[in-house]
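# Chains, contacts and geometry: an overview
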Amino acid sequence: MDTQETSPSVLLFFNNERFIFNAGELVLYLLVHRQQGLQRFCAEHKIKLSQVDHICLTRVCSETAGGLPVPKNQISQEIILLMIQGVSGLLLTLAGIKNGSPESTEHVDIWGPPNLDLLVNAMKNFVPHATMVKAHIIPRSDNVMVHGNGAALASSLHAEELQAEGKFKAVSISAILLTPTDLLDGSHFSSNDTSIVYICNLHDIRGEFDPRKAKACGLKKGRKLGQLQNGISVKSDLLDIEVHPDDVIGPPIPGPIVLIVDCPTEPHAQELLSAQALNAYYSDSQSNSPETTKVVNCIIHLSPATVVSSPVYERWMRKFDSAQHIMARTTREHETTPILESSARIATRLHYLCPQLFPAPSLLSVQNDGVAAPNFKVQVEGSISKVCGISAENLLKFTLRPPRRLGLDRSSVQNQMTSSVFIKELLSEIPEIADAAKNMSTFWHKPKEDEAELFTRQDSEVMTGDPSLAGHAAPRCMKNVQRDDLEIVFLGTGSSIPSKYRNVSSIYFNLFSKGGLLLDCGEGTLAQLKRRYGINGADSAVRNLKCIWISHIHADHHAGLARILALRRDLLKGVPHEPMLVIGPEQVGEFLKDYKKLEDLDMLFLDCRSTTVAKWDDMEADSMNDESRDHTVLTSLSEDSSLLRCSKRMKPSTPVDDIKLLKRFKKVLSEAGLVRFISFPVVHCPEAFGIILESAERMNCGTVVPGWKVVYSGDTRPCSEVIEASLGATILIHEATFEDGLLEEAITRNHSTIKEAIEVGRSAGAYRIILTHFSQRYPKVPALDEVSIQRTCIAFDLMSVNLADLPVLPKLLPYLKLLFRTRELI
């Protein structure tokens, strides 16, 4: 839990069924009959998530379901407890695998509280196969008890059993809905206030056959023994008696019981304590007889540490004498161990080679290897409670079966890696990297080339009429550039799904005192921000975001959006602020509109089509009108709340909300110091866009210096639209999904090859070309010719490119090739 941005999730695995409890971007696995991951973490540990049948949500919000909008393979046998990242895109992956053929009828069952239908409805824009999702709403009990003082109390008299035809072959699962009692009168009740406790009871195991008892009953070896084992009585072979199964088979072994508990607040904990449906599971329950005793073996606590340590919650925990408590959300002291070891290893190596472009990972701490997970103790009123549990760790196992192995197993828990260990490995593997790092450092300490010579050379090259030659000279916006002007941070540089080396698409534009922008927001974006800037730094970045722009509807470009918006909402609660402006294709707007019914994300949506060149020209015309005309238009708003009155430049049918959005958009640009923010169509899928960003001019020693121009292609085939948009660009960020030998696949999937992306930049005369969105099969540096190297850079996750560093950017490539010269990266 190195980034702590979502609720953990629990996976319960059997031979033929798999259950996920919650689907946030940090995931806690409870695997029964071990299996090999999930997205980045699981890819790293060769874990393959297969045949997910059920998704059970304890609550419905971005924290627990942020990963909803991993594939089917073979699994072996064992049980494991994991903490991993990256469940976003789960349903989309399952949709592609489960419904790979038109005749497929498989689906995923989603279980949750009454507001589940709002989530499923919001996801309809992204799940390509409507039949693959079957929602099961767990109803809230209508039974309400009245307390002596007249207050309404939730009864929680029974647990609702989850049922689906042909399912639950190895386990029975029941749900208890918790709603704070002070909300039941309806005056303050929200559907988001309900949480669920899940009771997972594995089926009993048939008792063992006793050969000695069978012999004493006069039975010979043969099919009668098999009949007895199948529960059928038989006649003795040697005695004149009838033999019943109980005569030769021992009593059944009760199935272990696991509770999944999520109490987001102390009022929920109070409801948990009074839930009568749990009475049968308490150790001190007077209703329990030896025959009906239900022993809880393990309790997974998804509740926040502040709730777990409350007196009410502590009293509830005391009711279980023999249960193993696993604290999934308890923050361990100085817990900054990275959960993505391979990614942390690469980030550390890149930082060693070039700290200017690859800052040290903020969440990688120096810790002793092999440190055991500390016990968690609930502290009540200054005294230490006897109720203890263990903090969850990556790859921690809790075995449920076979019975002889019941309990915790830390044999797979990894040693905590440190930056010093990673560097030691690197120097041992590539000794010459030390000299390479020293050479790289000189690029930032050499005297700068004479600027007059640079700009003179630029003018002469442009005069040749070949725009492709102009890219070698420093553009005028680089003159006396300051380091607090622009920094581009690549939060994700991979395509499709997260891998252990690259996260999916997201680029953070740090405008320093002017705030920041996000271009695309794939799953794990928030986690990557925290790895780059630390917990507090990421909070600051999210708090100061000006807008988020989404290029197209594919999940690897927007699945992290809800988490970013929810965090910003929480950070700015009680502080005067404007809603976040989200710009994207129409389908993204439809999703956000539907999702708003579930939880308010404090945002405004503007369609990308409203930020095209044509719309931009309209806004430019708007700004040229005199103040009195603007006053007339604004006055009309109060007279007509739905439409604007007719004017020379606005159609009578222009909605008021659109005008407000465009005004808000112009305000955002002004605050960010931008004069152009243009979306343009590209060749990928319907409603796919690239973007042009241009900063305002600045004064330098009495001379007007033009602003920088950055173009981001989004996902696209090489096209004239990108070339035209990139003319004279300071930086072109272009997707390069496929290697040059896979041109046919690139054409089929509407993506670009590396060579094609570079050619687009050369044709447009872009000063620097940064390649990103690589297929996850390419974690290293692709082969580039000498001409391409002169202006091209390969992006890696968390690479931070300052505008002032553009001249030395291409010099990095030969050293990157040295760093990644080995075949294996781990």
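Residues numbered from 1 in each chain as written. Predicted model: local features only at pLDDT ≥ 70, side-chain atom pairs only at ≥ 80, totals over all residues. Heavy atoms only, no water.

## A look at the overall build of the protein chain
As a reminder, the rule being used: Note on conventions: DSSP H or I runs of at least 4 residues are helices, E runs of at least 2 residues are strands, and numbering of each starts at the N terminus. For each residue, the accessible area found with a 1.4 Å probe, counting protein chains only, is set against the maximum for its type, and the residue is called buried under 20%, exposed over 50%, and partly exposed in between. All accessible areas in this document rest on Shrake-Rupley with a 1.4 Å probe, and a residue is counted as covered only by the protein chains that are shown.
From N to C terminus, the protein chain includes 25 helices and 36 strands. Considering the protein chain as a whole, with its 826 residues, one finds that 56% of them fall into the buried category. Looking at the protein chain as shown, the accessible area adds up to about 34,700 Å², and 51% of this sits on carbon and sulfur atoms.

## Description of the environment of Ser-496
The criterion, for reference: Note on contacts: a residue pair qualifies if any of its non-hydrogen atoms lie within 4.5 Å across the two residues.
Mapped onto the elements of the fold, Ser-496 is located in the loop between strand S22 (487–492) and strand S23 (506–510). Considering only alpha carbons, one finds Ser-496 and Ser-775, 279 residues apart in sequence, at a separation of 7.5 Å. Apart from the residues lying within four places of it in its own chain, the contact partners of Ser-496 are Val-504 and Asp-556.

## Quick look at the pattern of salt bridges
Test applied: Salt bridges are identified by distance alone: a Lys or Arg side-chain nitrogen within 4 Å of an Asp or Glu carboxyl oxygen.
Applying the stated criterion across every chain, the model contains 24 salt bridges. Close ionic contact of Lys-235 with Asp-240 constitutes a salt bridge, the shortest N to O distance being 2.9 Å. Assessed through its relative accessible area of 47%, Lys-235 is described here as partly exposed. Look at Asp-240 and you get exposed, because its relative accessible area is 70%. The salt bridge involving Glu-599 is made with Arg-569; its shortest N-O contact spans 3.0 Å. Pair noted here: Glu-599 is in the loop between helix H17 (586–595) and strand S27 (603–607) and Arg-569 is in helix H16 (residues 561–571), with a separation of 30 residues, a long-range link. Just as Glu-599 is buried, Arg-569 falls in that class too. Within the structure, one salt-bridge network assembled from shared partners comprises Arg-569, Asp-570, Lys-573 and Glu-599.

## Description of the environment of Asn-115
Locating Asn-115 in the fold gives a position in the loop between strand S6 (108–112) and helix H4 (116–122). Taking the relative accessible area as the measure of exposure, Asn-115 reaches 1% and is therefore buried. Sequence separation between Asn-115 and Ile-138 is 23 residues; the distance between their C-alpha atoms is 9.5 Å.

## Looking at the packing of aromatic side chains
Test applied: Note on ring pairs: Phe, Tyr and Trp rings are taken, using the six-membered ring of Trp, and paired if centres are within 6.5 Å. Classes follow the plane angle, with under 30 degrees stacked, over 60 edge-to-face and the rest tilted.
Here the structure, examined in full by the defined rule, presents 12 aromatic pairs. Residues Trp-111 and Phe-168 carry aromatic rings whose centres are separated by 5.8 Å and whose planes lie at 65° to one another, so their mutual orientation is edge-to-face. Taken together, the residues Trp-111 in strand S6 and Phe-168 in the loop between strand S10 (160–161) and strand S11 (171–178) connect sequence positions 57 residues apart. You can call Trp-111 buried: its relative accessible area is 4%. With a relative accessible area of 11%, Phe-168 lands in the buried category. Centroid distance Trp-316 to Phe-320: 5.0 Å. Interplanar angle 70°. Geometry classified as edge-to-face. Across the pair, Phe-320 and Trp-316 agree in class, each one buried.

## A look at the sheet that holds S22
For clarity, the threshold we go by: For two strands to be treated as a pair, DSSP must find no fewer than two bridges joining them. With axes taken as lines fitted to C-alpha atoms, and helix axes fitted only over the stretch in contact, angles between N-to-C directions fall between 0 and 180 degrees.
Taken together, the seven strands give an open sheet; going across it, the order is S27-S26-S25-S24-S23-S22-S36, and neighbouring strands pair in mixed fashion. Pairing within the sheet leaves two strands with one partner each, and these edge strands are S27 and strand S36 (800–802). In this sheet, adjacent strand axes meet at a mean angle of 20° when their direction is disregarded. Here S23 runs beside strand S24 (residues 516–521); their pairing, made up of five bridges, is antiparallel. Residue pairing across strands places Tyr-508 opposite Leu-518, the latter belonging to S24. Packing of H16 onto the sheet brings it into contact with S24, strand S25 (545–549), strand S26 (580–584) and S27, and relative to S25 it is tilted by some 160°. Taken strand by strand, H17 contacts S26 and S27, and its axis lies near 155° from that of S27.

## Overview of helix H23 (residues 754–764)
All buried positions along H23 are accounted for by Ile-754, Glu-756, Ala-757, Ile-758, Val-760, Gly-761 and Ala-764. A positive phi of about 70° marks Gly-765, the residue just after H23.

## A look at the environment of Ile-110
Tracing the chain through its elements places Ile-110 in strand S6. Residues Ile-110 and Lys-134, 24 residues apart in the sequence, show an inter-C-alpha distance of 6.1 Å.

## Quick word on the sheet that holds strand S28 (residues 674–681)
Paired through their backbone hydrogen bonds, the strands of a sheet run either parallel or antiparallel. Read from one edge to the other, the open sheet built from six strands follows the order S28-S29-S32-S33-S34-S35, with strand pairing classed as mixed. Unpaired on one side and paired on the other, S28 and strand S35 (792–794) mark the two borders of the sheet. For this sheet the average axis-to-axis angle between neighbouring strands, irrespective of direction, equals 15°. With three bridges connecting them, strand S34 (residues 768–772) and S35 associate as parallel partners. Its bridge partner lying in S35, Leu-771 is registered against Ile-794.

## Considering the nonpolar core
For clarity, the threshold we go by: Residues grouped as a nonpolar core are buried Ala, Val, Leu, Ile, Met, Phe, Trp, Tyr and Cys residues, joined through side-chain atoms within 4.5 Å.
In terms of nonpolar packing, the biggest core is built from 90 residues, with Leu-353, Phe-509 and Phe-677 touching the most fellow members. Here the element with the most residues in this core is helix H20 (residues 656–672); it accounts for six residues. Counting residues in hydrophobic clusters, the runner-up holds 38 residues, among them Tyr-508, Cys-521, Ile-548 and Ile-564.

## Observations regarding the packing of helix H11 (residues 341–353) against helix H12 (residues 419–429)
Our working definition: Comment on the angle field: the value is read as roughly parallel under 35 degrees, roughly antiparallel over 145, roughly perpendicular from 65 to 115, and oblique elsewhere. It is the rotation of the near helix from the far one that decides the hand of a crossing: anticlockwise by less than a right angle makes it left-handed, clockwise makes it right-handed. In this count, Pro and Cys sit with the nonpolar residues alongside Ala, Val, Leu, Ile, Met, Phe, Trp and Tyr, while Asp, Glu, Lys and Arg are called charged and the others, Gly among them, polar.
One way to put it is that H11 packs onto H12 with a least axis distance of 9 Å and a crossing angle of 70°. With respect to each other, H11 and H12 are oriented roughly perpendicular. Handedness of the crossing formed by H11 with H12: right-handed. Facing H11, whose interface residues are Glu-341, Ala-344, Arg-345, Thr-348, Arg-349 and Tyr-352, H12 presents Ser-419, Phe-422, Ile-423, Glu-425, Leu-426, Leu-427 and Glu-429. Among the residues making up the contact of H11 with H12, the classes are represented as six nonpolar, two polar and five charged.

## A word on the confidence of the model for the protein chain
How we decide: Each residue carries a pLDDT score, the predictor's confidence in it, ranging from 0 to 100.
Looking at the protein chain, pLDDT values average 76 and 70% of them are 70 or higher. Strand S32 (residues 709–712) holds the highest mean pLDDT among the elements of the protein chain, 98, whereas strand S5 (residues 79–85) holds the lowest, 32. For the stretch residues 25–39, pLDDT sits under 50, and the model shows 116 contacts to residues farther than four places along the chain or on other chains.

## Considerations on a nonpolar patch on the surface
The condition that has to hold: A patch consists of residues exposed above 30% relative accessible area that lack any salt bridge, with like charges linked at up to 9 Å and nonpolar side chains (Val, Leu, Ile, Met, Phe, Trp, Tyr) linked at up to 5 Å.
On the surface, Leu-238, Leu-239 and Ile-241 cluster together to form a nonpolar patch covering roughly 270 Å² of accessible area. Position of Leu-238 among the secondary structure elements: in the loop between strand S13 (234–235) and strand S14 (242–243).

## Points about the side chain of His-325
Condition: Distance and chemistry together define a polar contact, namely a pair of N or O atoms within 3.5 Å, with one atom able to donate a hydrogen and the other to accept it when in protein, and with adjacent residues in sequence counting only for side-chain atoms on both sides.
If you trace the backbone, His-325 turns up in strand S17 (residues 324–327). Here His-301 takes part through its side chain, which lies 2.8 Å from a polar atom of the side chain of His-325.

## Considering the pairing of S23
With five of five residues buried, S23 is to be regarded as a mostly interior element. Alternating positions in S23 separate into two faces, Ser-506, Tyr-508 and Asn-510 on one and Ile-507 and Phe-509 on the other, with burial throughout. With five bridges connecting them, S22 and S23 associate as antiparallel partners. Paired with Val-489 across the two strands is Tyr-508, which belongs to S23. Adjacent in sequence and paired antiparallel, S23 and S24 are bridged by five residues, among which Phe-512 carries a positive phi angle near 60°.

## Side note on unusual backbone geometry
In terms of backbone geometry, most residues other than glycine have negative phi values and most peptide bonds are trans. The omega angle of the peptide bond from Arg-401 to Pro-402 is 5°, so this bond is cis rather than trans. Backbone geometry places Glu-687, a non-glycine residue, at a positive phi of 60°. Looking at the element boundaries, Glu-687 is found in the loop between S28 and strand S29 (689–695). For Glu-687, a relative accessible area of 26% corresponds to the partly exposed category. Phi angles above zero are rare outside glycine, and Leu-798 is one such case at about 75°. Tracing the backbone through its elements, the reader meets Leu-798 in the loop between S35 and S36.

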